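Here is what each chain is made of, one letter per residue.
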Amino acid sequence: VYYQGKDRIRTDIILYVNGIPLVDIECKNPANISESWFNAYKQIKDYERIVPELYKYIQIGVAAESQARYFPIVPWQEEVRTHEWRDEGKDSLDSTIEMFFRDTLLDLIKNFLFFRVEFGNATKVITRYMQYRAANRMVERVIGNLKGEEEKNRGLIWHWQGSGKTLTMIFAANKLYYMRELENPTIFFIVDRIELEDQLYKEFYSLDLVAPEIIDTVWELKEFLKFDDYRSKRGVFIILIHKFRKEELKEVYGELEKISKRKETIINRRNVIAFVDEGHRTQYGLLAAQMKAVLKNAFFFALTGTPISKRGRDTYLEFSYPPEESYLDKYFITDSIKDGFTVKIAYQPRLEKDVHLNKDQLETFLETELEELPEEIREDVEERVKKRLNAIKLVLENPFRIKTIAEDIAKHFKDNVDGKFKAMVVAGSRNACEIYKRELDKHLPKEYSEIEMTYTKRDKPEMLQYAAEKRVRYGSKDIDDIRKDEIEKFKEEEFPKILIVTDMLLTGFDAPILQVMYLDLSL
């Protein structure tokens, strides 16, 4: 087909829906070694500039050779990310053909393709195949249950880190929100960290979707539950699981239970859905039990890259239906590496002979020290010492050891990382973080590194002094706001270049510029 703009172009394949061009497919000959799918991709980007009127309507481009890559049409961007669609048992081309069957294409356009604003720039986001598959499996489970076709009301999504679980939840939630069968539902996103709450809200806010509401306090949760005579609000809500504290919800929950015996409330409503981010954590204790008591009839979907199976802490028992179903959808690390979403980890042990914990040396040290004690108390002391032996205090917080490691980190960072990527130092404890900061400052400019953690009144003076200096530097009394600001600067600005953490930002932290991790933990 020929189209006229600034010049005349001839496209290979255009897919129309009711006369509207929606997909442009450009093909290259696999036998021609001088061309590939990338030539077809560049051709479409040229066509966007030559005939802009046509690409006001076309939403998806496909560049095909022996492999097919699809991408959103974004004429104002010179480069966009491409993806490969995978359908089990089919090659790249046949999978892409499946992608453009009528019902799938209409579903993609309606529910899985959105405008997005990133760092002030408008772009588009389109689903990856595993996101589409998992989101629709969750939707199908909800609709199937409401229609009486199945009884299951939960599911475990096991997707590897970096596969876009946040967007998977958002795609599913957005589709469910507008479905007639759910009749104005209540949709929860349940997280266990403030950082994940902020990240999820920003992801929602960047897309042209229904705006979520954050339930920020226990008081707000109580008002939410009481709304509409305990039927509760409808819409999309983000909440920390810690808001479901039993002692503070006791009165409201008591009323809910009474009223639920004679009328509809949030406890027995069928159109309540809960998406649990990082479902392997905080889903097994009293908080989780209280949450599930309030949302007794809700659908629960947990997404995690690391499910666990331990006594009292079993992700499968909580969210799947063993033995017939371990997970509703899976996307493992091998899939992620094959698709290029996860890079292979290059592990480099350093200073093994100098700073690694040597158990034989530790035993020798103890025996030497115990020999100096009177024989009548030696055995008792030895037993008590071994019981109280703390590897963190003896090794991971040792200032002389950290001094050696920090010097090595600074040298490695300056020689291999600085100016290319950013890094993270993962220390064994909160105290170790403070020591690492002090030692790194001796070898690198102070603005290079920042500690990211919470602070309490029980912290040692050096840590409290560091927190106080941060407040002075930022002119703020709220250390949480300072931490958020520093994390954003780490992602978008030159400084800080190194984050020092102990149990924060280790999962769900989306920062492509972070490429190096200096790990000092007792594993």
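Anything mentioned here points back to the structure above.
Below, the structure is looked at part by part. (Residues numbered from 1 in each chain as written. Predicted model: local features only at pLDDT ≥ 70, side-chain atom pairs only at ≥ 80, totals over all residues. Heavy atoms only, no water.)

To continue, consider the layout of surface pockets. Counted as a void, the second largest pocket has a volume near 730 Å³. In terms of lining, the second largest pocket is formed by 28 residues, of which the most central are Arg 86, Asp 87, Glu 88, Tyr 129 and Arg 133. Among the elements that line the lining of the second largest pocket, the one with the most residues is helix 4 (residues 129-146), at 6 residues. By residue class, the composition of the lining of the second largest pocket is 8 nonpolar, 5 polar and 15 charged. (1 Å grid on protein atoms, 1.4 Å probe; cavity = no way out; pocket = protein on both sides within 12 Å on 5 of 7 lines; lining within 4 Å. Points joined across faces, edges and corners; volume = space filled by probe spheres on them. Helix = DSSP H or I, 4+ residues; strand = E, 2+ residues; numbered from the N terminus. Nonpolar A, V, L, I, M, F, W, Y, C, P; charged D, E, K, R; others polar.)

Moving on: the environment of Tyr 57. The topology assignment puts Tyr 57 in the loop between helix 1 (37-50) and strand 5 (60-64). A relative accessible area of 41% places Tyr 57 in the partly exposed class. A C-alpha to C-alpha distance of 6.0 Å links Tyr 57 and Pro 21, two positions 36 residues apart in sequence. Not counting chain neighbours up to four residues away, the residues in contact with Tyr 57 comprise Ile 20, Pro 21 and Leu 22. (Buried < 20%, exposed > 50% of the residue type's maximum accessible area, 1.4 Å probe, protein only. Contact = heavy atoms within 4.5 Å.)

In this section: the packing of aromatic side chains. Two measures describe an aromatic ring pair: the distance that separates the ring centres and the angle between the ring planes. As enumerated under the stated definition, the model contains 22 aromatic pairs in all. Pairing Tyr 448 with Phe 495 gives two aromatic rings, centres 5.6 Å apart and planes at 40°, and the pair type is tilted. A residue pair is termed long-range when its members are at least 10 positions apart, and Tyr 448 in the loop between helix 17 (430-440) and strand 19 (449-451) and Phe 495 in the loop between helix 19 (479-492) and strand 20 (498-501) qualify at 47 residues. A residue is classified by how much of its surface remains accessible, and Phe 495, at 27% relative accessible area, is partly exposed. Among the aromatic residues, ring-to-ring pairing joins Tyr 70, Trp 85, Phe 112, Phe 114, Tyr 132 and Phe 171 into one connected group. Positioned over the ring face of Tyr 2 is Arg 8, at 4.1 Å from the centre of the ring. A cation sits over an aromatic face here: Lys 233 above Phe 227, 5.8 Å from the ring centre. (Phe/Tyr/Trp six-rings, centres within 6.5 Å; stacked < 30°, edge-to-face > 60°. Lys NZ or Arg CZ within 6 Å of the ring centre and 35° of its normal.)

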